[in-house]
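Structure assessment
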Amino acid sequence: MQSNQLHTLKLNPNEIHLWLAFPDEIQDIALLSAYDKLMSEEERTHQQRFHFAKHQHQYLITRALVRTTLSRYTDVDPSHWQFYKNQYGRPEIHHSDGLPPLRFNLSHTDGLIICGVVLKQDIGVDVEDTERKGAPLEIADRFFSAQEVHDLNQVPDSEKRERFFNYWTLKESYIKARGMGLSLPLEQFTFLMSRTEIQSHQPLRISFAPQLHDDPNQWRFWLLQATQRHQVAISLRRDEGVAYQLSLKKVVPLREEHSFSCSVLHAN
Ligand SMILES: CC(C)(COP(=O)(O)OP(=O)(O)OC[C@H]1O[C@@H](n2cnc3c(N)ncnc32)[C@H](O)[C@@H]1OP(=O)(O)O)[C@@H](O)C(=O)NCCC(=O)NCCS
């Protein structure tokens with residue numbers, strides 16, 4: 001749908017909206033200039049610090065995505081949103097009277113930027129480009145729990161890379177939902193995705209070391225194959241008894257948006 005035909009969106013407490021922007025497809029100079037006008041001075045300065053044009057472009061689209069997305073839910077001009085960061089760098093909305101209690105989380109990688117939006121709940125999103133260069137499998141020992149490394153080693157070689165990114169995106173989305181980034185010890189929580197569990201289509205489960213003081217029942221997870229090369233994970237701290245619904249939209253900020261569908265690899 002074209003932007004000039006849009007009405008304000010309603011977000012219910014059981015809904016998660018995931019917005020996807022494909023930066024390589026957004027090259028219209030007039031549009032990019034309109035995005036530039038949405039940024040704060042601080043954001044503009046930040047953007048200039050990126051050495052490569054590609055990263056400046058990604059940063060610009062990310063700011064346009066988050067600002068225009070939030071404005072879809074309430075009557076605030078995209079340029080007027082104000083943000084602050086928690087002590088671990090997580091951006092949150094500076095709430096003022098009358099604003100709905102929106103929460104969001106962002107993630108970007110080569111070719112895709114995502115923004116998850118909910119009411120009140122803790123949400124973390126992560127997108128990874130599974131075709132990116134490097135040999136990620138070799139670093140599993142450093143980032144995954146002993147159980148995860150063990151389970152990953154049982155996976156046939158042809159499926160290892162994909163499973164590696166399953167763990168990676170899920171773990172990132174969880175630490176982002178907690179808002180603490182890498183200060184949360186990655187080996188103290190485990191996504192249970194053994195071959196047996198995957199083959200018998202068990203709902204996705206997590207377990208926590210006691211020191212983490214967290215409860216698996218409080219969390220919902222989704223793992224999506226957004227495009228052939230992009231995996232997306234979402235972690236959401238749930239309210240008891242609520243049946244959550246996830247919906248996806250592909251967007252070109254200020255221009256158009258369409259509903260988007262992709263396969264759900266795992267969820268609980
Ligand atoms: C910073 C971190 C929260 C995410 O980093 P990342 O995966 O490189 O980047 P992503 O694109 O997924 O997310 C970046 C966005 O998350 C948000 N963010 C930053 N700090 C955050 C925090 N503490 N909690 C939640 N979200 C945060 C920001 O919006 C940021 O985008 P912006 O700077 O454009 O506003 C942190 O997890 C990190 O440094 N990760 C490095 C990768 C790693 O070693 N992961 C191990 C996985 S097993």
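Everything below is about the structure shown above.
Rules behind the numbers
Residues numbered from 1 in each chain as written. Predicted model: local features only at pLDDT ≥ 70, side-chain atom pairs only at ≥ 80, totals over all residues. Heavy atoms only, no water. Helix = DSSP H or I, 4+ residues; strand = E, 2+ residues; numbered from the N terminus. Rg over C-alpha atoms; globule rule 2.2 N^0.38 Å. Buried < 20%, exposed > 50% of the residue type's maximum accessible area, 1.4 Å probe, protein only. Contact = heavy atoms within 4.5 Å. Lys, Arg positive; Asp, Glu negative; His and termini not counted. Charge placed at Lys NZ, Arg CZ, Asp CG, Glu CD. Salt bridge = Lys/Arg side-chain N within 4 Å of Asp/Glu carboxyl O. Axes fitted to C-alpha atoms, helices over the stretch in contact; angles between N-to-C directions. Parallel < 35°, antiparallel > 145°, perpendicular 65-115°, else oblique. Left-handed = near helix turned anticlockwise from the far one by under 90°. Pairing = 2+ DSSP bridges. Near = heavy atom within 4 Å. Polar contact = N/O pair within 3.5 Å; in protein donor to acceptor, adjacent residues only side chain to side chain. Areas by Shrake-Rupley, 256 points an atom, 1.4 Å probe, with all protein chains shown as cover.

Another point: the overall build of the protein. Assigned secondary structure in the protein consists of seven helices and 13 strands. Taken over C-alpha atoms, the radius of gyration comes to 19 Å for the protein, in line with the 18 Å a tight globule of 268 residues would show. Once the C-alpha set of the protein is aligned to its principal axes, its extents read approximately 50 × 40 × 35 Å. Residue burial in the protein is summarised as follows: out of 268 residues, 51% are buried. Look at the contacts in the protein between residues 6 or more apart in sequence, and 62% of them connect residues 24 or more apart. When the 30 positive and 34 negative side-chain charges of the protein are each reduced to one mean point, those points stand 1 Å apart.

Okay, the pattern of salt bridges next. By the definition in use, this model includes 17 salt bridges. In this structure, the salt-bridge partner of Asp36 is Arg44, at a minimum N-O distance of 3.4 Å. As a salt-bridge pair, Glu148 and Lys171 come within 2.8 Å of each other at their nearest N and O atoms. Here the residue Glu148 occupies a position in helix α5 (residues 146-154), and Lys171 occupies one in helix α6 (residues 157-177), the gap between them amounting to 23 residues. By relative accessible area, which is 0% here, Glu148 ends up buried.

Following both chains from N to C, one finds α5 and α6 inclined at 155 degrees, their axes separated by 9 Å at the closest point. Here α5 is positioned roughly antiparallel relative to α6, judged by the angle of their axes. Between α5 and α6 lies a crossing whose hand is right-handed. Mapping the contact onto sequence places Glu148, Asp151, Leu152 and Asn153 in α5 and Lys160, Arg163, Phe164, Tyr167 and Lys171 in α6.

Here we come to the sheet that holds strand β9 (residues 219-225). Overall, antiparallel pairing links the four strands, which are arranged β6-β10-β9-β13 in an open sheet. In the strand order of this sheet, the two ends are held by β6 (123-129) and β13 (263-267), each with one partner. Averaged over all pairs of adjacent strands, the angle between strand axes in this sheet comes to 20 degrees, irrespective of strand direction. In the sheet, β9 pairs with strand β10 (residues 230-237) via seven bridges, with the strands oriented antiparallel. Bridge pairing in β10 places Phe221 opposite Ser235.

What follows concerns the site of the ligand. Inspection of the region around the ligand gives 22 residues, with Arg63, Ser107, His108, Glu172 and Lys176 positioned closest. Contact distances for the ligand include 3.1 Å between a nitrogen atom and a side-chain N or O atom of Asn105. Between Leu106 and the ligand, the recorded distance is 3.3 Å, taken from a backbone N or O atom to an oxygen atom. Protein contacts shield 78% of the accessible area of the ligand, which totals 910 Å² for the unbound molecule. Of all the elements in the fold, those that place two or more residues in the shell around the ligand are β4 (102-109) and α6. The element that contributes the greatest number of residues to the shell around the ligand is α6, accounting for five residues.

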